[in-house]
Amino acid sequence: MKIARETSPRFAAIKGYLVPGGCLAPALAFLALFTFWPLVSTLKLSFYQWNMVSPTPKWVGLTNYLEILRSREFWLAFWHTLEYTLILLALNLALPYITAYILSRLVVKGQNFYRALIFLPSVLSLAVAAVIFLWLYNPLAGPVNALLRLLGLPAPPWLSSYGWVIPALTVITAWKSFGYNFIVLLAGMVAVPQELIEAARLEKASNWQIFWWIVRPLTSGTALYVLVMTVIIGSQYVFVPIQMLTNGGPDQASTNLVFLIYQYAFNFFQAGKAAAAAVITLVIFGGLLFLQKRVLEKGVYYEN
Amino acid sequence: MINCKWRKPLGIALLVATMASSLVTGCGPGNPAKGTGQEKTGGKVTTIEYWHVNSENFGGQTVRDLVQKFNEQHPDIKVVEKFQPNMYLGLMQNLQAALAGGHPPAVAQIGYNYLDYATANLPHLPVEDAAKKDPEGQAFLNNYLPNILNLGRVNGKLEGMPYSISNPVLYYNADMFKAAGLDPQNPPKTWAEVRDMARIIKEKTGNYGLYVQEPSDNWAQQAMMESNGAQVLTRTGGKASATFDSPEAIEAYQLMADMVLKDKTALHATWEEGTQAFITGKVGMYVTTIARRNYIETSSKFKVLAAPFPTFGNKPRRVPAGGNALFIFAKDPDQQKAAWEFIKYLESPEALTTWTKGTGYLPPRKDVTEDPNYLKPFMDQNPLMKPAAAQLPDAVPWVSFPGNNGLQAEQILLDARDAILGGRQSAAEALKEAVAKVNKLIGN
């Protein structure tokens, strides 16, 4: 289709903005309505005391922030968030990375079979996974403990013991998101140019050398993506098993920042405190993203 | 390149369409509580929701039977029952969210431990006012003993209709008692005896001796502390303060902790896990509510017996009256009327008889218990109901934290329970900390 040219270059410039702007408008409208407007309301709510039912929220200034930063449960939740994240990085970044490398370079037969098998848990809802694990973890009748006892190993009550509850809940989340991360990383590995590897083979490079000097740098972009997703999304994903299985218990031993926000809002109905905790969490994760941009991106290779 | 001129109107049309559809699903159907009556020949049907805590193994089927019968008898009212998980705490949380969203249920079971909180924070129609609008209302209320009606009163006003009444009893596995060389006809009467027998059961059979219920409330723990002479909440004048850190309270809690951690004869687990453990024969004694009588009786493969809640030596037994009162949250006058009608039905002699048989709750109306047409034959025959009925005079109110932080106060006690029974803190440490926190929350 032909667009009639106007004589004024100024008008043309405006028009140049108009068309892409119009195309972006629907997406921007949704973003504004469902992302930025709630964000601003949250910020506003964090200065009030409100139980979501009473008609008049009460202005309390920075009290919510001060109370949260002084409370034991916030710092517990903070450290637990780090703990969840570290375990998730091991199970959902390092492990699928190694698995993807093995499957892309070293396994020759039955590749599709393994891929399907590993991806399978990803299609299951996390809530369903949580219920399955509740049965697996049952301290007296569950198969996990039955097996451990059979082997003569100690069988802890997974979901009600201080030390074990976080690993036990993380395993549920990891089991569910392992497959997706694996597929993403595998795609990154397959995209490594074959001729580079063949050239290295001719030079009698070992598998380890190929991995460390060729595959690792060339997949760093993908790995960074998975890393960021694991850190940001991970703390939200573990929310489901926490909420369904432990409610942050025993004695807040499994709470994290996201669950704490939920608990303030929908268990204690202190909307102001929940909003303040949400803002603090946003700042923490914002800081992490900033750090990632400044530090990690420097060492990352992007094809274009 | 695709020309944008065509995509823009399309995008806007799509946007409008999705927004419109989300608006429709957001506040259109799926909310029977809104009371859009379905036209029927001869009149309008008022649809109301009834929220309860009765899971499948806690009288869920009985609730469905009662609702179905009510709907058959009342063609102009349709009651929809909805189960709320995580007991009264969970129900309160969902209820408050529903109120914030503007679609509360018409009738809900409010645990006696949330009486103060619900009255102070949630807009409702006090039962007293609903009864006044009904010409037969006063006659209906006259069926109750004054001390039972007091269970639904806050500051003298009848806010909720007392419905279910329970107290904690000690169920025990008679077969396991025999296997351990204990006499099933001589259950423990005091906590010292419970501790000894638990040890014997563990030694002789390898099973756990005891499990005391740990749902998301502190009802059974209150019974232990107060039977040892403690007071969980002390009201002086108009002021309430938490006092569950007295030496008596600490002693009672420490006994439980010692059985779990030192003797390793008591189980520390969630309510569901503990119940499963008892009915599959892995625990000898089980302290829980009489309201679970029917489930325990029907699912255990062994002979179950029950004894009154154990005492501390010669100290008087004090068991909090558990259960719930029915509150009206409907706002629309038609729905309020239907809600009152439904409450009157649930509290009728026929319905209460079904309710007691299906759960184990004690009926709030004495005339029902003693009427040979209703519950008398059942109460006389069922051995498990006897201890619960016998200890009714020992009932004390279930602690209900005042003010608008009642939900968090309850959670702090739950955390303390985990801290003590999980071995992180001694009873003294945990209870002292919890008292300080709770007192701050309830405004001291």
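Here the residue index of a chain counts from 1 through its sequence in written order. Ligands are numbered from 1 and chains lettered from A, in the order in which they are written. The predicted origin of the model limits local features to residues at a pLDDT of at least 70 and limits the giving and counting of side-chain atom pairs to 80 or more, whereas totals for whole chains, interfaces and linings rest on all residues. Derived side-chain values reflect all non-hydrogen atoms in the structure, with water molecules and hydrogen atoms excluded from consideration.

An unreviewed UniProt entry annotates chain B as Carbohydrate ABC transporter substrate-binding protein, CUT1 family originating from Moorella thermoacetica. The UniProt entry for chain B carries the following comment under Sequence similarities (unreviewed entry): "Belongs to the bacterial solute-binding protein 1 family." A UniProt comment under Subcellular location (unreviewed entry) is attached to chain B, and it reads "Cell envelope". UniProt positions are given in the numbering used here, feature names are shortened, and annotations may be inferred rather than shown by experiment.

For chain A, the name recorded in an unreviewed UniProt entry is Carbohydrate ABC transporter membrane protein 1, CUT1 family, with Moorella thermoacetica as its organism. As stated in UniProt under Sequence similarities (unreviewed entry), the record for chain A gives "Belongs to the binding-protein-dependent transport system permease family." Of the comments in the UniProt record for chain A, the one headed Subcellular location (unreviewed entry) reads "Cell membrane".

Draft legend 1. Main features of the environment of A:I87. Residue and element names in this part refer to chain A. Only runs of H or I of at least four residues qualify as helices and only runs of E of at least two qualify as strands under DSSP, and these elements are numbered from the N terminus. For I87, the location among the structural elements is in helix α3 (residues 72-106). For I87, a relative accessible area of 23% gives the class partly exposed. I87 sits 80 residues away from P167 along the chain, and the two C-alpha atoms are 7.3 Å apart. Only protein chains enter the accessibility calculation, which uses a 1.4 Å probe; a residue is then buried when its area is under 20% of its type maximum, exposed when over 50%, and partly exposed in between.

Draft legend 2. Structural context of the interface of chain A and chain B. Any two residues whose heavy atoms approach within 4.5 Å are treated as being in contact. Every contact between the two is made by 27 residues of chain A and, on the other side, 32 residues of chain B. Salt-bridge detection follows one rule: a side-chain nitrogen of Lys or Arg within 4 Å of a carboxyl oxygen of Asp or Glu. Run the count over chain A and chain B and you get one salt bridge. B:R424 serves as the salt-bridge partner of A:D251, at 2.7 Å between the closest nitrogen and oxygen. Contacts described as polar in this section are N or O atom pairs within 3.5 Å, which, within protein, must combine one atom able to donate a hydrogen with one able to accept it, while residues neighboring in sequence count only if both atoms come from side chains. At the junction of chain A and chain B, the tally comes to seven residue pairs in polar contact (both at pLDDT 80 or more). Secondary structure elements with two or more residues in the side of chain A that touches chain B: α1 (9-45), α3 and α12 (257-267) of chain A. When residues in the side of chain A that touches chain B are grouped by element, the largest group, five residues, is from α1(A).

Draft legend 3. Quick look at the UniProt feature "domain: ABC transmembrane type-1" (unreviewed entry) in chain A. If you check UniProt for "domain: ABC transmembrane type-1" (unreviewed entry), the listed places come out as residues 78-292 of chain A in our numbering. Helix makes up 76% of residues 78-292 of chain A and strand 0%. Its end C-alpha atoms lie 19 Å apart.

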